[in-house]
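Observations on chain architecture
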Amino acid sequence: MNAALLEVEGLTITLAGAAGAVVDDVSFRIDRAETVAVVGESGCGKSLTALALLRLLEPPLAIRSGAIRFDGIDVARASERELQRIRGRRIAMVFQEPMTALNPVLTVGEQIVEVLELHAGLRGAAARARAAELLREVEISDPERQLDEYPHRFSGGMRQRVLIAMALAGEPDLLIADEPTTALDVTVQAQVLDLLRELRRTRGMALLLITHDLGLVAEMAKRVLVMYAGRVVEETTVLDLFERPQHPYTRALLAARPALAKPGARLPTIPGVVPQVAHYPPGCRFHPRCAEAFARCSQAVPGFVAHGATRVACFAREESR
């Protein structure tokens, strides 16, 4: 097996004053030019995991243990100087809400040029020309004029494209997209996804897609991590996710898709809510909501077992082998 571009091993993130880990012993890899999706309900630790990859967690959150190896560099233990060579240059991130990620008092051009100065060493007219090229690459028309506009003059879809352009400015090997279409209407969502797919193909970069939308997963990813309450409960291929889901939580997520509901029928739901870190249950954290739970589930943490190309952390699947 070739060396992974990114390899995360035993990543554990703690919150000061809380007994449990908000992200607990998470491990996965991303190969070069591969698209991997992380799915799960809000509050399951998806975005925190993504922020940890760039060491962007702020107190009271902290990485307690684990390794984040990016092309041979352990980001979890890298110096600030090493991080400056990685953040924005080799790993870039498109954040969930573009209006809060963009500076409202600077023009779009000023913000892209700032990234180019920092990561590409460009200045003056050369930086502005490259900024226009980036806007053209993300399919914003009349880019030379748009450089002088402020973010509030752009639609939500255009602001998201500007964020993608800024992320591409450093020519990254890995792009992290955190819920990139959440605030967009369906038509614009499709356009942004097509753009990300094409950019990944033409640039040969890897993509980590953070989402709760299983439709995006089906369209974009090769492999999927399913997270619940800070833990990975299943890692599988996209094909196996939809045809042979193993974990009860994965199957419940799939059953709750609106597309499967019959007109007028009540949409299936997962009973209960994702627990807060201060109230994580012992054992498997999903067991209070799980229809297949038995005594052992509340007493011990399940390890991973393999079912073909799938790894699943579930005692019921362990006994069905």
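Treat the numbers as computed from the prediction; the structure is a model and nothing was measured.

Let us now look at the pairing of strand S6 (residues 91-94). Burial of S6 is two-sided: the residues Ile91 and Met93 facing one way and the residues Ala92 and Val94 facing the other way are all buried. Bridge analysis of S6 against strand S7 (residues 174-178) gives four bridges, and the strand direction is parallel. Directly across from Met93, in S7, lies its bridge partner Ile176.

Interaxial distance between helix H5 (residues 124-137) and helix H8 (residues 186-203) falls to 11 Å at its minimum, and their mutual angle equals 120 degrees. Our classification of the angle between H5 and H8 gives oblique. Facing H5, whose interface residues are Arg130, Leu134 and Glu137, H8 presents Leu195, Leu199 and Arg203. For the contact of H5 with H8, the per-class residue count stands at three nonpolar, no polar and three charged.

Hydrogen bonds between backbone groups are what pair the strands of a sheet, and the pairing can be parallel or antiparallel. If you trace the four strands from one edge of the open sheet to the other, you get S2-S1-S4-S5, paired in antiparallel fashion. Since the sheet does not close on itself, it has two edges, and those belong to strand S2 (21-30) and strand S5 (73-74), each with one partner. Along the sheet, helix H1 (residues 46-53) contacts strand S1 (6-15), S2 and strand S4 (61-70); its crossing angle with S1, the most-contacted strand, is approximately 115 degrees.

It is worth spelling out unusual backbone geometry at this point. Here the bond from Pro59 into Pro60 is cis, since omega is 15 degrees, no more than 30 degrees from zero. Positionally, Pro60 belongs in the loop between H1 and S4. Positive phi outside glycine occurs at Asp25, with the angle close to 55 degrees. Position of Asp25 among the secondary structure elements: in strand S2. Phi at Asp71 is positive, roughly 50 degrees, even though this residue is not glycine.

Cut-offs and rules
Starting from 1, residues in each chain are numbered consecutively following that chain's sequence as written. A pLDDT threshold of at least 70 governs which residues receive local features in this predicted model, and a stricter bar of 80 or more applies before side-chain atom pairs are shown or counted, although totals over entire chains, interfaces and linings include all residues. Hydrogens and water are ignored here; the side-chain numbers use all heavy atoms of the structure. The cut-offs for exposure are 20% and 50% of the maximum accessible area for each residue type, with area from a 1.4 Å probe on protein chains only; residues under the lower value are buried, those over the upper are exposed, and the others partly exposed. The helix count covers DSSP runs of H or I at least four residues long, the strand count covers runs of E at least two residues long, and both are numbered beginning at the N terminus. Note on pairing: two strands pair once DSSP finds at least 2 bridges between them. Fitted lines through C-alpha atoms serve as axes, helices being fitted only where they are in contact, and the angles separating the N-to-C directions of these axes extend from 0 to 180 degrees. The labels follow the angle: roughly parallel below 35 degrees, roughly antiparallel above 145, roughly perpendicular from 65 to 115, and oblique for the rest. Whether two residues are in contact is decided by their heavy atoms, any of which lying within 4.5 Å being enough. All amino acids are sorted into three groups, where Ala, Val, Leu, Ile, Met, Phe, Trp, Tyr, Cys and Pro are nonpolar, Asp, Glu, Lys and Arg are charged, and the leftover types, Gly among them, are polar.

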